[in-house]
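Overview (structure and organization)
Single-letter residue listing:
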Amino acid sequence: MIPESVIEEVKRGPGTTLHDDLVAYVRERLRFSQRYMSSRYDKWREIEQHMNVFVDLEKEDADKIKINPWARSIVIPYTYAVMQTIQTFLFILYSARRPTWPIEGRGPEDDGAAKLLQVVGDYQNDKMDGISVMSQWFWDAGNYGLGVIKNVWAKRGSIRTVRKSEKIVIPGMEMLNLDLGTRKTEETKWMLEYEGNIAINIDPFHFFSDPRVPIGKFQEGEFCGHALLASFNHLKRQEHEGEYFNVSNLLDKAVKPGWTVYSDYPDYLNESDRNRSLGLSDARNENIVSLGTGNNKQRGFHVIEELWMDVIPSDLKIGDSDDPQQFRLTVGDGSVIIGLADSPIRKFPYEILEPHRNSHQLLNPGIPEIISGLQETLSWSYNSRMENVRSCINNQFVVDPSVLNIKDVLRPQPGKVIRVLPDKYGTDIRTAFHQIQVQDVTTNHMRDIEFTKQLIQEVTGVTNTIMGIMEGGRKSATESSAMLRQSSSRLRKLADMYSLQGVQPWIKQMVENTQNFMEEGQYHRITGDSFQGLLGEA
């Protein structure tokens, strides 16, 4: 438990020794992690361009030769089709169940409690839109080779106006019990709307773990955390809910155009190309001036860095204990601590997924990166084929302009007349006009494209059958079912690995939070009439 005196000293803000030392502690570790995590950013940006079908016409290979030398180039979105097929398989597999997260006891005596937790978990999953969180989690894992979610127990509410009716009572005459009617009153107050598990997706570009351990074993590191841009209003609500403090100290540090809070912003939060490859600019650091209201005060968005650390409290002077404990430390705009608290659980509140986990590597590739060479070959084969076809369709001629009227030659209309210049009347025009024969050297490219697609299917396990493309003529229902079952075995293995890596630990974390923090009355409100029966079984 962090002593109250420590919290009060930190709340004094920048300029105090303890506050500034803790800020430096957070910044140093996030920068340390970023140096290693950023080694993957170039590959991640290439994947984003592929998935957004973006063509970089200026991109060159190691020999300074343009990769896309054609006037018109397109990306064959086969990688996109593969990823969407995997996403569909996983989505149907995990979302078709009700309840979404089945929970079972280890013995018969646990059945009642498990059913109760299952009902509560399904309620929480609906409240936090868990299916959408899980879908984005799978998508990030497949594309970047790293999917991250954060799950915490939190309260969410808002300021509301409550209207109610009350009896009119004259002071001093309460004992007479006079019926004077009722009057309507209004009261504005903060009201709790939801209390429970809340899971959010973390952008892989914004997640930072201890690089001294592989990402798959990040729980064994000394720290991990993430960064984000958050609005002042959002931070104030969380301050009201008890998560933050000193949020108003950030008012003078709203991000402004051309102004950085610290040296490595804006690239710190703007490494991704997912918006730029669609022609979109980042509006989060734009300043909006209120017009006609006289209110030019900017509350803006703020850079929030959250670090979860496993430390000895006496080392950081945030306690007297010499035993390692976990804490959450939140810094706003690189200079103001807005959160310091004990960790309510025994582990970092993140869960990660990797489609190709190698527990000896710091980071692992995603599915599009594995097939990126084949994807580029696919697009190159198609583009070169189309370029050759254009050359064949658009006839090429050698013309002697001293014999023929060049304007007549260049005129695009069909059935045109080409005039001979007056001083060349009687000349054999076959020597002044010659059509160049263009040989089609790409006739086999379409066959190469099919072969490349077959290689991609073998590498990923996403066959035509899984995509819903039936081959080889008509088949019986039994044959089709057997082919689909065999084809889906590799994708089912991926689903099982995701379950072991992240989904099951996420459910366990939700169960642990529910058992630790949910009151019995809340159980009753969620489960309704079945509460007493389930509680009796438990």
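Note that this is a predicted model, so its numbers are computed, not measured. (Residues numbered from 1 in each chain as written. Predicted model: local features only at pLDDT ≥ 70, side-chain atom pairs only at ≥ 80, totals over all residues. Heavy atoms only, no water.)

**Remarks on the sheet that holds strand 4 (residues 223-231)**
One open sheet accounts for five strands, arranged 3-4-5-6-7; its pairing is antiparallel. Bordering the open sheet on either side are strand 3 (207-209) and strand 7 (336-342), each of which pairs with just one other strand. Averaged over all adjacent pairs, the angle separating strand axes in this sheet is 20°, with direction ignored. Two elements, strand 3 and strand 4, share three bridges in a ladder whose sense is antiparallel. Bridge assignment links phenylalanine 207 to a residue of strand 4, and that residue is histidine 226. Contacting strand 3, strand 4, strand 5 (301-311), strand 6 (325-332) and strand 7, helix 2 (residues 17-37) crosses the sheet at an angle of about 90° to strand 5. The sheet contacts of helix 7 (residues 232-240) involve strand 4 and strand 5, and relative to strand 4 the element is tilted by about 120°. (Pairing = 2+ DSSP bridges. Helix = DSSP H or I, 4+ residues; strand = E, 2+ residues; numbered from the N terminus. Axes fitted to C-alpha atoms, helices over the stretch in contact; angles between N-to-C directions. Contact = heavy atoms within 4.5 Å.)

**A word on the pattern of salt bridges**
Under the defined criterion, the tally for this structure stands at 18 salt bridges. A salt bridge links glutamate 305 to arginine 27, with the nearest nitrogen and oxygen atoms 3.2 Å apart. Of the two residues, glutamate 305 sits in strand 5 while arginine 27 sits in helix 2, which places them 278 residues apart along the sequence. Judged by its relative accessible area of 0%, glutamate 305 falls in the buried class. With a shortest N-O distance of 2.3 Å, arginine 40 and glutamate 369 are connected by a salt bridge. Placement of the pair is arginine 40 in the loop between helix 2 and helix 3 (41-51) and glutamate 369 in helix 9 (residues 367-370), with a sequence separation of 329 residues. What emerges from the salt-bridge pattern is a single network uniting Asp210, Arg212 and Glu222. (Salt bridge = Lys/Arg side-chain N within 4 Å of Asp/Glu carboxyl O. Buried < 20%, exposed > 50% of the residue type's maximum accessible area, 1.4 Å probe, protein only.)

**Some points on the environment of leucine 116**
Mapped onto the secondary structure, leucine 116 falls in helix 5 (residues 111-127). According to the relative accessible area criterion, leucine 116 is buried, its value standing at 7%. Here the alpha-carbon distance between leucine 116 and tyrosine 523, two residues 407 residues apart in the chain, equals 8.1 Å.

**Let's talk about the packing of helix 4 (residues 78-95) against helix 6 (residues 130-144)**
Each packed pair of helices is defined by two parameters, the angle between the axes and the distance between the axes. One way to put it is that helix 4 packs onto helix 6 with a least axis distance of 10 Å and a crossing angle of 145°. Helix 6 is crossed by helix 4, and the crossing has right-handed handedness. Together, Tyr80, Met83, Gln84, Gln87, Leu90, Phe91, Tyr94 and Ser95 of helix 4 and Ile131, Met134, Ser135, Phe138, Trp139, Gly142 and Asn143 of helix 6 make up the contact between the two elements. Split into classes, the residues belonging to the contact of helix 4 with helix 6 amount to nine nonpolar, six polar and no charged. (Left-handed = near helix turned anticlockwise from the far one by under 90°. Nonpolar A, V, L, I, M, F, W, Y, C, P; charged D, E, K, R; others polar.)

**What about the sheet that holds strand 2 (residues 182-202)?**
The sheet built from three strands is open, its strands ordered 2-1-8 with antiparallel pairing. Edge positions in the sheet fall to strand 2 and strand 8 (350-353), since each of these pairs with one other strand and no more. Direction aside, the axes of adjacent strands within the sheet are offset by 25° on average. Here strand 1 (residues 147-167) runs beside strand 2; their pairing, made up of 20 bridges, is antiparallel.

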